[in-house]
Structure formats: C-alpha cells, structure tokens
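Fold and contact review
Listed below, chain by chain, are the residues.
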Amino acid sequence: MAWACRTLAAAAAAATLVALAARPIVGASPRRCNFPSAYKGNRGVVSIQAEWQAPDAPVVGESPWSRSFRRVGCGRLNTRRSKAGATFLVYKKDGKSRRTDRPPSAHDPNPPVLAFPFTVDVAGYYRVLLRSAAEHPTEHNDAWVRLPDPHRQLYGFVRRRWSADRTWHELVPEHSSGYVKAYQNVGNDEPTFNTFTEDHKPSVIVTRWLSPGRTYVMEVAGRSSRWALDRVVLFKCARDDSLSCVSEESVEYRRAIRAKKSWCRRRSSA
C-alpha cells in the first residue's frame, strides 16, 4: 500500500509541476478579476486559478473560504509543504462536523460565493471541470455551481458518464436559485478534475451555448466542509454522439487540463 501511495504521489506530483509551470500573461497578481473584467478564453479553453478569486484581505476572516497549501501526495500528507503542490481555496477549513450546506439564497445580501467571470473565444458548448480535493470519496466531496443568465432560463445539459445512453438532457437545477451539485468521488485529499452531477448516475456538466463577446460568470458556493478548490476549467466540446464532452481520454479534455492559466482582461466598471 505504501509503495502504491508513493507511486501515485510521484505521478501526481509530476502532473502538478506541469500544471503549475504555466503562468498568466497579463494580470499575474493574485488580485481578484471582478466583473466587467473577465478571464479570457484561449483556443476554446478557460482555466482559472481559484485562489485568484479569494476574498479580499479585509474580509478574509468573515468568509468561510480560506487559502491552504496542499502537497500532491496521499491522504493527510497533503498538508505538508512541498515543491510539488498548489494553493487551494478550502470551504470551512476548520469545520469540525461533517455537514453540507444549502446553496445561497437569493435574499442573502452578501452570499459567500466565489465568482469567476470569463469570456470565450470560440462559440459552442463547454464542459465544466473543477479541480478539487476532498477527504472522503463518496460523502462530503462536493460544491454548488451555477452559470446564471438573466436573459435565458436554460442552464445547460448533462449526460451519463458511463452508460450506453448517449442522450443529452437539460440540466435541471436542484434549487430555484439555479445551483446544481458538483462532486468528484476520489477522496483521500487527492487533487482531481473529476466533476459530475446527479447521485448514483455520474453525469458530466455542459453549459448552454456560449458566444464570444459576452461575459459570463461561473459561481461556486460551498456545500461540504473542508472541500478544496484549486482550479475552474471550461473547454469547448462537441455535444453529439462522440465522446468529446464525456471521455477523460478525449483530445479536448487532455488539452484543457494541461492548458495555461487564463489571464484577466481588465475593464473599468465606469
């Protein structure tokens, strides 16, 4: 078991070093990219480092989100510092109880939501990936996500990951606020891009049709205590009978998880 753990850690560390080698071209500081500024898609991929959207310093103590450096490795060893690691945003890092929270209410004047504004450079449907880490593989391993649009009521589509049924179904939010649960099913505090919805029948999440020239805002809200987020990735894929949007072996998927981080195009709100 220890040998397998070390082997897995070495492979994951190598992958993380490749991912961390990329740096944004513009807006390299960890300052927030606030709407109407937006992270710019490149060749059909948007890749945003979560910590860049961390709460501003004056309100960190008031937010359930906090930064935490995680080593790529096995289990709780991830808390040890290492060159092969990354900074995650952790929801209720010191939470003692294993609990899940409901999504923010529309009546909450200041919901603890991470907002990721972005634009795409290629029109199409985009699969949603959250690179996350969680302690347990099947419980307390999830967050709430949504892509609100005041002009349309279509939130996106889902399709079973491991099934002969290749039908795409309209994404139906679990709450009127538009949020759906996104879970990973890996656990052991191992970083993973696994992102599925619908319990007991893992389904990938694909957006509605996105167009260049518009700014969208992907929102992530905490659901499980100690769930950690490293990156938000969206990549264009073909919503047809192929495995473009579904398979982790597709060219589109492999290119997306290796893509350089998107840079923030600054725009004034005035």
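A brief look at the structure comes next. (Residues numbered from 1 in each chain as written. Predicted model: local features only at pLDDT ≥ 70, side-chain atom pairs only at ≥ 80, totals over all residues. Heavy atoms only, no water.)

Taken in spatial order, the six strands of this open sheet run β10-β7-β12-β5-β1-β14, and their pairing is mixed. Each end of this open sheet is capped by a strand with a single partner; those strands are β10 (180–183) and β14 (264–265). Of the strand pairs in this sheet, strand β7 (residues 142–146) and β10 are connected by four bridges, and their pairing is antiparallel. The partner of Trp144 across the bridge, within β10, is Lys181. (Pairing = 2+ DSSP bridges. Helix = DSSP H or I, 4+ residues; strand = E, 2+ residues; numbered from the N terminus.)

For the rest of this paragraph, the subject is the packing of aromatic side chains. Applying the stated criterion to the full structure yields eight aromatic pairs. Ring geometry for Tyr125 and Trp209: centres 5.2 Å apart, planes at 85°, overall edge-to-face. Placement of Tyr125 in strand β6 (residues 125–133) and of Trp209 in the loop between β11 (203–207) and β12 (216–222) is noted, with a sequence separation of 84 residues between them. Take Trp209: its relative accessible area is 40%, and that puts it in the partly exposed class. An aromatic cluster of three or more residues is present, and its members are Trp65, Tyr91 and Trp227. Over the ring of Tyr125 we find Arg239; its NZ or CZ atom is 4.5 Å from the centre of that ring. Positioned over the ring face of Phe157 is Arg239, at 4.0 Å from the centre of the ring. (Phe/Tyr/Trp six-rings, centres within 6.5 Å; stacked < 30°, edge-to-face > 60°. Buried < 20%, exposed > 50% of the residue type's maximum accessible area, 1.4 Å probe, protein only. Lys NZ or Arg CZ within 6 Å of the ring centre and 35° of its normal.)

Ranked by size, the top nonpolar core spans 35 residues in total, and within it Phe116, Phe118, Val220 and Leu229 carry the most contacts. Broken down by secondary-structure element, the contributors of at least two residues to this core are β2 (45–49), β4 (85–91), β5 (113–119), β6, β7, β10, β12 and β13 (228–237). Residues contacting Leu229, with those up to four places away along its chain left out, are Ala50, Phe88, Leu89, Leu114, Phe116, Leu130, Arg131, Ser132 and Val220. Core analysis: the next-biggest nonpolar cluster, separate from the first, contains 19 residues, Val45, Trp168, Tyr183 and Val246 among them. (Core = buried A, V, L, I, M, F, W, Y, C linked by side-chain atoms within 4.5 Å. Contact = heavy atoms within 4.5 Å.)

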